[in-house]
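Below are the chains, spelled out letter by letter.
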Amino acid sequence: MADIAFLLLIFWLVTTTIDSDEGIKRQLPPPVPEDLVDVPPVKEQNVFNVKVNFLDQLLVEGEMLDIGQLKDQAKNFLVATGDGVMAHPVGRNTVGKSREVEFITGANGKTNAAFPERVWVRRSELTAQIAQYEGMMAGASEVQKRNYQKLIEHLNEKLTAIELFGGDYKELPGSALISMQNDNNTSYDIYLQVQNELQSAVNELRDELSLAKFGKTYRELEDAYDRDSENMELLSKIAAVRLVYPQRISEAEPREGSAYY
Amino acid sequence: MGKFKKGTKRGMGAISTASLPDIVFMLLFFFMVATVLRTEEEKVRVIRPEASELYKIEKKHLIRYVNIGPPMDNRYGTEPVIQLNDAFSGVAAIQDWVAKERLTLAEAEQSKMWVSLKVDKDTKMGIVTGVKQELRKASALKVLYSASSRERTGSEN
C-alpha cells in the first residue's frame, strides 16, 4: 500500500511545478496608426521624463539619477500643487510629509514650479457645470445627449470624491503624465525596476491618501472590492483616490542605437 | 505471594508502520493541491527580475505565457530567443500565435486574455520591445511582466 502511495507521490513531484503568476500589470496602448495627425506639444513641466540608456543609466528630467532616488522624484512630481505650497492636494490639511519644491526659470524669464500646476476641483463649480450641461441636454440630439450624459457622470464622480474627502481637492492637468524612454540595448532588469519604482510611487501616494481618509490602504480597498463586486461604496472610494493620483505611466517608442550621450 | 513471571525479553519495540500510507497520501494530496501540472517544458533560461508592485492574476486560465531568454541548450546559441508554448519562434510569429490562443478561450473571455511575459533579466530591450509591438498590433493589450517578489525601496519622501 505504501509502495503505491510512494509511486504516485514521486510521479506527481516529477511532473508539476509550484508556479507563480505574479507580475506587474500593464495595459499596452493600442497601436499607433500610420497616418497619425501631429499631436500638439505638451507643456514641458507637465511631463516627467525618464530616460534609460544602453549602460542602464537613468536620466530623470535632465539629471542623472540613481534608481533608488527615482521613486522620490516621481512622488514630488505627482504631489506638487504648483503654487509652491507642498501641501497634500486634498483639503486644507496636510496629509503626509512636507516635500521640497523646486523652481525653475524658463526661457521667457518667468519662474515656475518645475512641476504641473494642479487645478482646484470645487463643489460649487462642479454643480454649476452639471446644471449647465443638463440645460444643454434639453435641446440636443440623441448622440449629443449621450455625450453630455457621460460628461455629467464624470463630474458626478468628482462630486462623490469631494463628499468622501470632506472637501475640495486639486487635480492634475489632463496632459500631465510620466513618460519613460529606453534604448534597444537597455537591460530588461533596469527597465522593470524603473517601471516598478514609478508604479511604487503612485501606489504609495494612493495608500497614504487612502489611509488618511478611509483608514485602509488603497490595495486593501481593491482587494475588498475584488471579493465584493457589488459594493458601490468601495468602488467610489477607489475611484476617488484614482482621481487625485491617476496612473499615467506611458512609454515612448524606443530609439535605434543609443545616441543620448 | 504470587509468582511473578519474569518479563518476557523483548528487543527495542519496532515502530509500527501501519500509518505510513496515510502519511504518504497526505503528502501527495498536499502536492496535488499546491502545484500545477507543468504545461510546457522551459526551453529558455529565465531568471526573473525582482519587483515589489506585484499583482496576482486570479483566473489562471486566462493567462498565456511568452518566455524570452537564452536557450537552455547551448547548441542553439546564447542570443535570447522567444519561446511560445513549446517551440522557439520569431517576433513575426506572435500575431498568429495570439489569434490562435485567443480561440482557446470562450467568446466572452477573449478580451480578458492576459499575456505573461517571462523575460530573463539580462535580456536587452530590443527583443522585448519587438514582442510588445506585435502584441499591440494583435490587440493583446493586457500584459503581465512576470517578476519575483521583493520589498519596496525605502523612501525619504
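Please read these numbers as outputs of a predicted model, since none were measured by experiment. (Residues numbered from 1 in each chain as written. Chains lettered and ligands numbered in written order. Predicted model: local features only at pLDDT ≥ 70, side-chain atom pairs only at ≥ 80, totals over all residues. Heavy atoms only, no water.)

Caption draft 1: Representation of the packing of helix H3 (residues 123–138) of chain A against helix H4 (residues 142–165) of chain A in the model. Residues and elements named next belong to chain A. At a minimum axis distance of 10 Å, the contact between H3 and H4 shows a crossing angle of 160°. Judged on the interaxial angle alone, H4 and H3 are roughly antiparallel. Seen along the crossing, H3 lies across H4 with a hand that is left-handed. Taking contact as the criterion, the partners of Arg-123, Leu-126, Thr-127, Gln-129, Ile-130, Tyr-133, Glu-134, Met-136, Met-137 and Ala-138 in H3 are, on H4, Lys-145, Tyr-148, Gln-149, Leu-151, Ile-152, Leu-155, Asn-156, Lys-158, Leu-159, Ile-162 and Glu-163. Classifying every residue of the contact of H3 with H4 by side-chain character gives 12 nonpolar, 4 polar and 5 charged. (Axes fitted to C-alpha atoms, helices over the stretch in contact; angles between N-to-C directions. Helix = DSSP H or I, 4+ residues; strand = E, 2+ residues; numbered from the N terminus. Parallel < 35°, antiparallel > 145°, perpendicular 65-115°, else oblique. Left-handed = near helix turned anticlockwise from the far one by under 90°. Contact = heavy atoms within 4.5 Å. Nonpolar A, V, L, I, M, F, W, Y, C, P; charged D, E, K, R; others polar.)

Caption draft 2: Structural detail: the pairing of strand E3 (residues 47–52) of chain A. All names here are of chain A. Bridge count between E3 and strand E10 (residues 177–182): 6 bridges; the pairing is parallel. Note on E10: the bridge partner recorded for Phe-48 is Ile-178. Between the end of E3 and the start of strand E4 (residues 58–60), which pair antiparallel, lie 5 residues, with Asp-56 showing a positive phi angle near 65°. (Pairing = 2+ DSSP bridges.)

Caption draft 3: The sheet that holds E4 of chain A, seen in detail. All names here are of chain A. Reading across from one edge, E5-E4-E3-E10-E11 is the order of the 5 strands in this open sheet, with mixed pairing throughout. Each edge of the open sheet carries a strand with a single partner, namely strand E5 (63–65) and strand E11 (249–251). Shown here is a sheet whose adjacent strand axes are inclined to one another by a mean of 30°, direction ignored.

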